[in-house]
Every structure is written in C-alpha cells, then in structure tokens.
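# Observations on the three-dimensional arrangement
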Amino acid sequence: MIQATLKQLSQQLADKKVSAVELAAAYLDRIEALNPELNAFITVDREKTLTIARAADARRAAGDRGALIGVPVAHKDIFCQQGWKTSCGSKMLDNFIAPYSAHVIEQCDAAGLVTLGRTNMDEFAMGSSNENSYYGAVKNPWDLAAIPGGSSGGSAAAVAARMTPVALGTDTGGSIRQPASHCGITGIKPTYGVVSRFGMVAYASSLDQGGPLAQSAEDCALMLNVMAGFDARDSTSLERAKEDYTRDLAQPLSGLRVGLPREYFAEGLAADVARVIDGAVAELKKLGATVVEVSLPNTELSIPAYYVIAPAEASANLSRYDGVRYGHRAAEYQDLVEMYEKTRAEGFGSEVKRRIMVGSYVLSHGYYDAYYLKAQKIRRLIANDFISAFAGCDVILGPVAPTAAFNIGEKSGDPVQMYLSDIYTLSVNLAGLPAMSVPAGFADNGRPVGLQIIGNYFAEAKMLNVAHQFQQATDWHRRAPAL
C-alpha cells in the first residue's frame, strides 16, 4: 500500500479495500517511524489528520465519486492552511497559525485529499539544499549523508521515503525540480500563473510557482488537475479554461522533436550525470523521438540575473516581518526602531539576511539602473532564447543539476558554489516556462539523477506525455530507498 500510486490508492478506496482512516494511519505510522531521522516534516497532527480522513470516508459513503477523496497529501510549510502552523521554515513564523488557507489548499480540501502534515523547507524558500531551515536540515532518504535538494526538500524526501504518496512544493528557481531529481521522484513546475499564489508565502513574486511532487508523471498530472485554476485573489493568476492534464499521457512519441541545448552539456556537467541523461535521451529515441541541437546562449547569465531579481523581490516581500502584526517579536527593546532591528536579527537566518541585504542594495538609489534594470533586460533575452529554441523542437531536455546530491555541509560555507548548482533550472523561472524532473538513473555514488523536461508555455500536458511514456519504458520512478 505504501508503494501505491495515486491511481492505485484511489481504486483501493473506491473498491473499499481500505478506508481513508486506515490509509492515513498507515502513513502517519511511517512518518512517526522515519521522521526523527529524515526530518522531512515540521508539523504532524495525528488527530487532526484522522478527523479529515473520517470526513473523507463519509463523503465516499454518501456517494461522492471524486477520484482523490481520501488520498493522503503533505503540504510544504509555505502554503497557509487554516488552523495549522505555517512557519516557512523560519523562527520568524514559528508561532504563526494561519487564519485562512491558500488557494491550492482549498482545492486539495475540495478534492477530498487528506492532509498528513507540513513539510520542512529552506527558510522562506531560500536555498538549494534544505540546510537553511530553522528546524534543521532534511536528509536524503537514499543517503543520509546527502542533501535532499531545496527548497522543497522536505516534500521530496517525504515522497521518496513513502511517508506520503504526494506532496505540494514551490519552485522559484528550481525548488521542485532539483529536490525531485536528488530524491529520485517526479516533480513539475507549471507555467507561471497556472497555479494561484494566493496564500503561498511570497519569496520572489514574479518567479514563485506551486506544483506537485509524486512518484510518477501520471500522479503529477492528477494533482495538477486539482491545483491548477484561476483565482481572482491572485493578480498573476491566469484566467484560462480548466485542462485535463492526463489527456495526452497515452499518446505515442513518434514524431516528437527533442531539443538538446549545447550549453547544458558543456563544461561543468559531471560525467556520471551526463551518462544518465544520454541514456534517457537514447530511450526516448527508441520511443520515436528525434533529437535536434538547440542553443540557449544566455544560460550562463541566468545566475547573476536571478540573484539580482529574486533578492530584490525578497527584500520587499520580507519587509512585512517587523514584529508588529504577527510572527516573532524580540523580547527586549527600547524603542520601535530597536524592536524592528532585534526582531529581524533574531527571526531571520543567515541566508535570508544575505538575500535581503543584496536585494536592498540593488534596489537602492544609484544602483537600480546598474543592476536591477539590467537583470530584467537579461531576463527578456533568456525568454527570447527559449522562444527561438521552441521554433525547432517540441520539448527541451537536459540535466536538472550539474551533479547528483552533494553532502550535507559540503557547500554551506560557500554561497556562490551553492548558487551555481541552479544553473540549469533558473532560466526556466526567469522565462515563466513549465518544466519538470523525472527519475532517469543513478550517479556513480548511487544517488539519483533526474532528467529535466522543459516545455513551451502551457505545454504541461505535452511534458507529462513525454515523461509518462519514458516511465512506461523504464522503472527508475518505481525504485525506492531501503528504509
């Protein structure tokens, strides 16, 4: 049961082979056994979860045939959820109980999904390793010495360890795809605006996007059906007709044009990762795809552009945490200014402070034009690169990260080296494109490696089709760590 996909769990619930309460209890028992070592969950409330599960059983008993009623889910601790602590992995919000739910949480509740708990994350989603959490680092279920990736590392580790069949994450610069790759699971970041950001605590508002992490592409498609949709409360939410993201899963790949960017296979890509990606491309060619070389010439500029734009937006978004209205407040201070200073000094971790300082600097008088404005111009060039590339191909393939997961603590003392690990993911967010990570094999050290699939705007169904057909021909996504 723990190894079952969403579709299989849904069928078991429909056939009354298991109840929502029994299913939730089984996962809660596994969380209780594994979380002390993996640290994937920040908050678990057994009684609250079982109450939700009982309500799901009642819905099925009353004749509701919703496909995912009673299926367990975990939520990254960045989504507000009414009555649950929403900490964003920060001391600043350690005492914050959300008074309302994010749009995606509302959608999950309406679909009958059962919340198992709230997953650990890099503080305010700032990080690539999940070492920046106030609640401690998350460990990779495949190798406890390794990072799980960030910032959605808790969600990825929880799915990989089969502590939940599916989890929600967010992706600002690769924070769904990179942990999915490092943990050997599937994760998708939709086109910017497809999933509402209402109730999702903001890091960089023009880059943040929510998405699911699960075992398979089919599971991600089922979850995206739930999560996607227009929300008038989010000014960036796109008013589009609802899609069925499972509609093209069974389509053959004959005639598919796969683009391989030469910049993704240059210096810096580890040989064992390149080997895995080459093997995945060969498998897709067997399925009928043809390969064309494309160019994304501004790829190397994505890191400096991102680390100007994202901190700038973060410095504005995080200015609300001042100790006045909610969250942490310093215990001792002489005046209002000192309260602000002490509250923020105590409440934020070092990486958050670093990005706030960088963001404030690039937005300051005399530097806005020199840094922020130029970064936005580079952003447009990066988007144009993708537009040109998609003129000759249907999807773009490449690695998610230059290496497999590195060791905990290995790069924590060198922020620049940490930032460089996002080279293949950042440009997708800057362009607002959809992309996903699919398990494709293992590096020489036995740690998972993901294949990145990038689609054109609103091409989620095509990406999921490619991923599903790849997963029908391989079994990488069915492999699980021995826990």
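Shown above is the structure to which this text applies.
What comes next concerns the included structure. No experiment lies behind these values; they were computed from the predicted model shown.

Across its full length, the protein chain carries 15 helices and 11 strands. Taking the principal axes of its C-alpha atoms as reference, the protein chain extends roughly 65 × 55 × 45 Å. A separation of at least 24 residues holds for 76% of the contacts in the protein chain among residues at least 6 apart in sequence. Of the roughly 17500 Å² of accessible surface on the protein chain, 52% is carried by carbon and sulfur atoms.

Now for the environment of Leu224. With respect to the helices and strands, the residue Leu224 is situated in helix α7 (residues 217-227). Placed 35 residues apart in sequence, Leu224 and Lys189 show a C-alpha to C-alpha distance of 9.7 Å.

Side chains that are three or four residues apart share a direction in an α-helix, a result of its 3.6 residues per turn. Along helix α4 (residues 103-111), the residues that are buried comprise His103, Val104, Ile105 and Cys108. Lining the buried residues of α4 we find β2 (72-76), β4 (166-170) and α7. Within two residues after α4, Gly112 carries a phi angle of roughly 90 degrees, on the positive side.

Tracing the chain through its elements places Thr172 in the loop between β4 and α6 (177-183). Separated by 2.6 Å, the side chains of Thr172 and Asp208 make a polar contact.

This part covers the packing of helix α9 (residues 302-317) against helix α11 (residues 350-363). Across the interface, α9 lies against α11 with an axial gap of 7 Å and an inter-helix angle of 100 degrees. With respect to each other, α9 and α11 are oriented roughly perpendicular. Contact residues: α9 offers Tyr307, Val308, Pro311, Ala312 and Ser315, while α11 offers Arg355, Ile356, Val358, Gly359, Ser360, Val362 and Leu363. In the contact of α9 with α11, the residues fall into 8 nonpolar, 3 polar and 1 charged.

What counts and how
Residues numbered from 1 in each chain as written. Predicted model: local features only at pLDDT ≥ 70, side-chain atom pairs only at ≥ 80, totals over all residues. Heavy atoms only, no water. Helix = DSSP H or I, 4+ residues; strand = E, 2+ residues; numbered from the N terminus. Contact = heavy atoms within 4.5 Å. Areas by Shrake-Rupley, 256 points an atom, 1.4 Å probe, with all protein chains shown as cover. Buried < 20%, exposed > 50% of the residue type's maximum accessible area, 1.4 Å probe, protein only. Polar contact = N/O pair within 3.5 Å; in protein donor to acceptor, adjacent residues only side chain to side chain. Axes fitted to C-alpha atoms, helices over the stretch in contact; angles between N-to-C directions. Parallel < 35°, antiparallel > 145°, perpendicular 65-115°, else oblique. Nonpolar A, V, L, I, M, F, W, Y, C, P; charged D, E, K, R; others polar.

Any functional reading would require information that these geometric values do not contain.
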